[in-house]
Amino acid sequence: MRCRNRYPYFFMILIGLLMVPARLPADPFQISQFISPETCGECHSEIFHQWKGSMHSLSQKDPIYLSVSEYIRKGLIDRNEIAEAESCVKCHVPVGVVTGYPQKTSDDRKNIPEIANHGIQCDYCHSATHADKMYNNGLVLSPGNGEEDPGVKRGPFPDSESDFHESAFSEFHTGSEICGTCHNVKHVVYMTDLETTYEEWKRGPYNHKDPDKRITCQGCHMFQRPGIPATGSTERPKNKGVAADDGPVRDHIFTHYFVGGNGFVPGLFSDQTKSKMADDRLRNAATLSIETGKVKDGKLEIVITNTGAGHDLPTGLTDIRQMWLDIEIWDKHQKKQLYVSGKPDKDHYLPEGTIIYNTVFGDGKGNPVWNIAKAKEILSDKRIPPQQSVTETIPLPPGKWTELSVQVKLLYRSAPQKIVDQAAGKGKLILPIVTMASADQVIKRQQQ
Ligand code: HEC
Ligand code: HEC
Ligand code: HEC
Ligand code: HEC
Ligand code: HEC
């Protein structure tokens, strides 16, 4: 008797347990709680103009992101792959995701609320209190209730006052973790490391044990401004000024351009300032030298050093980013090219055998894949950690030359042209190539 009566309880508990995930609020906030960046910009005009047109403000409008995310979702049938392909919005449209729309990448983009279209924005970052994990955007928020009751905006100042909103000092905003929780991307099911910028920084020399010597993400990226690339190999002077139009003058105001290597996309939105700043950053990231110590053994060495980046070079989407060597060796007297490597063809594709720094993902069976939804393993990973060098050995051309002229360039492009052609249509978007560093050397045949 008693035993039988327990069944209903058992089922009730079971049903209760099954209901728990469904009852947890999927969208913890209302869209009306978030304040438009334009409103913040009414008092923080300089910061607003820096942020506008940045890759953060464009994270949902970026045509490369839009076409790639659509392209990789197409034709998938495996649940795990679909789960990954649907997860992009978590970082690219974060305000939409925490307020209910969109929940997945394939949701109708036309229905995304106006504010959420502004990507990674003021009220999103300044409502964050901490991160509950250091990958796939673990930011925990405590926003206000819209313009009537804006709540607390958290930032670097202990003594900040505004008539509009409450302010609070937040240690979280002064460390790399607020960036790192999004700048570390894992496959949602396979847990493959897709982007590891924060991890690279964390194990590198800029993450000094002594907080006074530590250079955070902000220490480079939020010191940059036009003319001041603020990398590991250049000065990072303070930016004296005001945080709000009628605020007090302060020693340093963190800039909000959020420039990396991407100069192409800001340029599409007619922000030439940020395009130029991205080129500045790339040109102050690495050094290149040609070493002749092994010429008598018939070899040439090229040394590339990551002098400027706080993480690996390249970083981020290193399965897509291209950083490679363009090498030409000429017979100086015959004016004949004896060796060439890394020259794009007429379609702007890189030839086989190019010396390239990147990661290649695999499908779990050793076959390379570029669709990250299918990335189960890392097949190869060739990048340059911060303040470290790599050496490439090039065989000198055989033959009768007496003097060689060697020209080497370190080049950068945001993505292989082939992928952009596949995703956006052939020839629609031609990605520019930036020269990060270059070196020339004349080599004389040694007398035996
Ligand atoms: C990606 C997150 C992020 C976004 C987006 C963002 N901020 Fe910030 N902001 C920060 C961080 C982090 C700091 C403090 C940096 C530190 O202390 O190392 C900061 C600092 C500030 C400060 C203090 C003054 C200063 O710059 O040092 C103000 C004011 C501010 N932000 C306003 C804004 C406004 C307005 C916007 C939108 C136009 C905005 N922020 C967008 C992360 C962000
Ligand atoms: C009516 C003007 C006004 C508006 C609108 C406004 N702020 Fe502010 N905010 C200020 C002033 C003034 C300060 C104080 C500046 C200082 O102390 O140097 C400030 C300070 C801040 C700080 C620094 C807090 C700290 O303790 O470090 C942040 C972050 C910030 N605002 C973010 C925002 C965001 C995000 C928005 C939009 C949701 C916004 N503000 C809208 C006037 C405004
Ligand atoms: C010592 C200065 C320095 C520090 C610290 C630093 N960066 Fe960078 N960052 C650079 C330079 C230089 C580049 C340009 C070269 C490149 O693309 O890697 C760059 C590029 C980037 C890019 C663009 C990469 C690409 O090519 O797509 C991202 C994203 C980025 N940084 C994020 C971060 C984050 C997040 C942190 C903290 C975890 C950080 N950075 C710390 C200097 C720095
Ligand atoms: C909510 C997630 C999120 C947070 C928090 C965040 N980022 Fe980003 N960040 C992104 C995304 C997504 C992009 C790329 C947008 C695109 O390319 O379409 C990006 C782009 C960038 C770029 C430009 C990369 C390039 O290729 O040029 C830089 C630099 C950068 N972030 C630095 C930072 C720094 C510094 C912080 C911390 C103050 C930070 N980010 C915080 C998600 C985030
Ligand atoms: C955990 C946060 C996060 C998630 C989830 C995420 N991204 Fe990103 N995405 C970033 C960051 C950070 C960058 C900038 C890195 C850099 O510039 O190297 C970025 C940049 C990009 C870019 C480069 C855009 C350009 O203009 O060069 C593409 C394309 C992209 N993401 C596609 C996707 C797709 C597709 C998905 C879903 C399958 C996705 N992302 C999911 C954080 C994220």
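As a convention, each chain's residues are numbered from 1 in the sequence order in which they are written. Lettering of chains starts at A and numbering of ligands starts at 1, both following the order in which they are written. In keeping with the predicted nature of the model, local features appear solely for residues at pLDDT of at least 70, side-chain atom pairs appear and are counted solely at 80 or more, and the whole-chain, interface and lining totals rest on all residues. To get the side-chain values, take all heavy atoms of the structure and skip hydrogens and water.

Helix and strand assignments come from DSSP, with helices taken as H or I runs of at least 4 residues and strands as E runs of at least 2, each series counted from the N terminus. What the chain contains, in helices and strands, is 14 helices and 19 strands. Dimensions along the principal axes, computed over C-alpha positions, put the chain at roughly 100 × 65 × 45 Å. Relative to its 448 residues, the chain shows a buried fraction of 49%. Taking as baseline every contact in the chain between residues at least 6 positions apart, the subset at least 24 positions apart corresponds to 65%. Accessible area for the chain stands at about 23,300 Å²; split by element, carbon and sulfur atoms hold 53% of it. Here Asp and Glu are counted as negative and Lys and Arg as positive; His is not counted, and neither are the chain ends. To locate a charge, the coordinates of NZ of Lys, CZ of Arg, CG of Asp or CD of Glu are taken. Seen as two clouds, the 53 positive and the 55 negative side-chain charges of the chain have centres 7 Å apart. A simple rule labels every residue: compare its accessible area, found with a 1.4 Å probe on the protein chains alone, to the largest value its type can have, and call it buried under 20%, exposed over 50%, or partly exposed in between. Two residues form a contact once any of their heavy atoms are found within 4.5 Å. Only the protein chains shown count as cover for residues, with accessible areas throughout obtained via the Shrake-Rupley method and a probe of 1.4 Å.

Among the 26 residues in the neighbourhood of ligand 3, the closest are listed as Cys217, Cys220, His221, His311 and Tyr412. Within the side chain of Arg281, an N or O atom sits 3.5 Å from a nitrogen atom of ligand 3. Here a nitrogen atom of ligand 3 and a side-chain polar atom of His311 are 2.8 Å apart. Put simply, the parts of the chain that give the shell around ligand 3 at least two residues each are helix H10 (197-202), helix H11 (217-221) and helix H13 (272-283). In this count, Pro and Cys sit with the nonpolar residues alongside Ala, Val, Leu, Ile, Met, Phe, Trp and Tyr, while Asp, Glu, Lys and Arg are called charged and the others, Gly among them, polar. Split into classes, the residues belonging to the shell around ligand 3 amount to 12 nonpolar, 12 polar and 2 charged. The two domains that each donate at least three residues to the shell around ligand 3 are domain 1 (25-279) and domain 2 (285-444). In these notes, residues near a molecule or strand are those with any non-hydrogen atom within 4 Å of it. Whenever two N or O atoms come within 3.5 Å, that pair is a polar contact, provided that in protein one can donate a hydrogen and the other can accept it, and provided that, for residues adjacent in sequence, both atoms are side-chain atoms. Source of the domain bounds: an automatic or database domain assignment.

Annotation of the chain at the domain level lists domain 1 (25-279) and domain 2 (285-444). Averaged C-alpha coordinates put domain 1 and domain 2 at centres separated by 30 Å. Of the residues lining the interface, 32 residues belong to domain 1; the matching set on domain 2 comes to 33 residues. In total, domain 1 and domain 2 occlude about 2,800 Å² of area from one another, counting both sides; carbon and sulfur atoms represent 62% of this. Using a 1.4 Å probe, buried area is obtained as the accessible area two parts lose upon being combined, added over both of them.

It is worth spelling out the coordination of the iron atom of ligand 3 at this point. For Na, K and Ca the donor cutoff is 3.2 Å, while for all other metals N, O and S atoms must lie within 2.8 Å; water is not among the atoms, so some sites may look incomplete. At the metal site, the iron atom of ligand 3 is ligated by His221 (NE2) and His311 (NE2), and these contacts range over 2.0 Å. Key to geometry: four donors with every angle between 85 and 135 degrees are tetrahedral; four donors are square planar and six octahedral where opposite donors lie over 155 degrees apart and all remaining angles lie between 65 and 115; all other sites are irregular. Because the angles between the 6 donor atoms bound to the iron atom of ligand 3 fall within 86 to 179°, the donor set is best described as octahedral. Here His311 lies in the loop between strand E10 (299-306) and strand E11 (322-331) and His221 lies in helix H11, a separation of 90 residues in the sequence. For His221, a relative accessible area of 22% corresponds to the partly exposed category. Judged by relative accessible area, which is 15%, His311 ranks as buried.

Here we take up the site of ligand 4. Near ligand 4 lie 23 residues; those nearest to it are His56, Asp62, Cys179, Cys182 and His183. A distance of 3.0 Å separates an oxygen atom of ligand 4 from a polar backbone atom of Asn262. In the model, an oxygen atom of ligand 4 is placed 3.4 Å from a nitrogen or oxygen of the Arg321 side chain. Those elements that provide at least two residues to the shell around ligand 4 are helix H6 (89-92), helix H9 (177-180) and H11.

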